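# Overview (structure and organization)
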Amino acid sequence: MTIAKKNPDTTKPLRSLSQDPHRVSEPREKVLEVAIGRAVRNFRRQKGMTVADLSKQTGLSIGMVSKIENGITSPSLTTLQTLAHALSVPLTSFFRRYEERREVMHVKSGEAVIMERAGTRAGHQYQLLGHIGANASGVIVEPYLITLSETSDTFPTFQHDGIELLYMLEGEVEYRHGDQTFLMQPGDSLFFDADSPHGPEKLNKLPAKFLSVISYPQAD
């Protein structure tokens, strides 16, 4: 059996991330006028319109449009309807950032839910570390702590939708993905397309524990 394991080439320059992990996202607005103004500005920019364009389409003065976008004035319902029509968006879309809620889940040590996933094999213990259902990102993420013991069987042909990340915490297994096999030791990670057959092919040191984080698009 060939074990494919590549050492990182430290001579290669690091590639920059496409997403800035330290960027501060716009917080949920606590002032209704500011939330409406930011929404109007975002929709206008998405349409490729200038303030003057929106002013012309709505009959509002440029100064009034600017005041609304900056949260300086509270627009009437009639004005909001006019803006919604000009921007081709539902009236309620102006209030989403004011009303939306971001979910969070805290799981204390020892309180993770032990569960079975579809296709769970004998002796493969799954502890669900958290779950957030339908959300604004459009992505479902399932984080598991998986434990393999002397009673666990090998099964290198799991297949499911999405992308999966494994991070080895304890023990040693030979993990197959497609036609490649990887020696997984503490500190090692494996990131892969989960639609290809994958799974532990040989259990070298037990017990073995690793984090498995699976992500896939949420259903419409």
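For the structure, see preceding data.
These lines cover the structure that appears in this document, whether it is placed above or below. (Residues numbered from 1 in each chain as written. Predicted model: local features only at pLDDT ≥ 70, side-chain atom pairs only at ≥ 80, totals over all residues. Heavy atoms only, no water.)

Moving on, we get to the packing of helix H2 (residues 51-58) against helix H3 (residues 62-69). One way to put it is that H2 packs onto H3 with a least axis distance of 9 Å and a crossing angle of 110 degrees. With respect to their mutual orientation, H2 and H3 come out roughly perpendicular. Like other packed secondary-structure pairs, H2 and H3 cross with a definite hand, here right-handed. Across from Val51, Ala52, Leu54 and Ser55 in H2, the residues of H3 making contact are Ile62, Val65 and Glu69. Residues belonging to the contact of H2 with H3 are distributed by class as follows: five nonpolar, one polar and one charged. (Axes fitted to C-alpha atoms, helices over the stretch in contact; angles between N-to-C directions. Helix = DSSP H or I, 4+ residues; strand = E, 2+ residues; numbered from the N terminus. Parallel < 35°, antiparallel > 145°, perpendicular 65-115°, else oblique. Left-handed = near helix turned anticlockwise from the far one by under 90°. Contact = heavy atoms within 4.5 Å. Nonpolar A, V, L, I, M, F, W, Y, C, P; charged D, E, K, R; others polar.)

The end-to-end C-alpha separation of helix H1 (residues 32-46) is 21 Å, in line with the 21 Å expected for 15 residues at 1.5 Å each. Phi turns positive, to about 70 degrees, at Gly48, one or two residues after H1. (Expected span 1.5 Å × (residues − 1).)

Residues Leu166, Met184 and Leu190 are the most contacted members of the largest nonpolar core, which totals 18 residues. Elements supplying a minimum of two residues to this core: strand S2 (124-128), strand S3 (139-148), strand S4 (163-177), strand S5 (180-184), strand S6 (189-193) and strand S7 (198-217). Those residues within four positions of Met184 in sequence are excluded, and the remaining contacts are Leu166, Met168, Gly171, Glu172, Val173, Tyr175, Ser189 and Leu190. One finds Ile68, Ala84, Ala86 and Leu87 within the second-largest nonpolar core, a separate group that totals 16 residues. (Core = buried A, V, L, I, M, F, W, Y, C linked by side-chain atoms within 4.5 Å. Buried < 20%, exposed > 50% of the residue type's maximum accessible area, 1.4 Å probe, protein only.)

The geometry of H1 relative to helix H4 (residues 77-87) is characterised by a closest axis approach of 10 Å and an angle of 20 degrees between their N-to-C directions. The orientation of H1 relative to H4 falls into the category roughly parallel. Note on packing geometry: the crossing formed by H1 with H4 is left-handed. Across the interface between the two elements, Ile36, Val40, Phe43 and Arg44 from H1 touch Leu80, Leu83 and Leu87 from H4. Broken down by class, the residue content of the contact of H1 with H4 amounts to six nonpolar, no polar and one charged.

So, on to the packing of aromatic side chains. For the coordinates displayed, the defined rule picks out five aromatic pairs. Residues Tyr126 and Tyr144 carry aromatic rings whose centres are separated by 5.5 Å and whose planes lie at 85 degrees to one another, so their mutual orientation is edge-to-face. One end of the pair, Tyr126, is in strand S2; the other, Tyr144, is in strand S3, and 18 residues separate them in sequence. Here Tyr126 falls in the buried class, since its relative accessible area comes to 5%. Classification of Tyr144 by relative accessible area gives buried; the value is 3%. (Phe/Tyr/Trp six-rings, centres within 6.5 Å; stacked < 30°, edge-to-face > 60°.)

Summary: where empty space remains is shown by rolling a probe the size of a single water molecule over the atoms. Per the counting criterion, the structure on display carries one cavity of 30 Å³ or more. Space inside the largest cavity adds up to approximately 120 Å³. Tyr126, Ile146, Phe158, Glu164 and Tyr175 are the residues nearest the centre of the largest cavity, which is lined by 14 residues in total. Secondary-structure elements contributing two or more residues to the lining of the largest cavity are S2, S3, S4 and S7. In terms of residue count, S7 provides more of the lining of the largest cavity than any other element does, five residues in total. Each residue belonging to the lining of the largest cavity can be placed in one class, and the counts come to eight nonpolar, four polar and two charged. (1 Å grid on protein atoms, 1.4 Å probe; cavity = no way out; pocket = protein on both sides within 12 Å on 5 of 7 lines; lining within 4 Å. Points joined across faces, edges and corners; volume = space filled by probe spheres on them.)

Everything listed is a geometric property; what it means functionally is a separate question.
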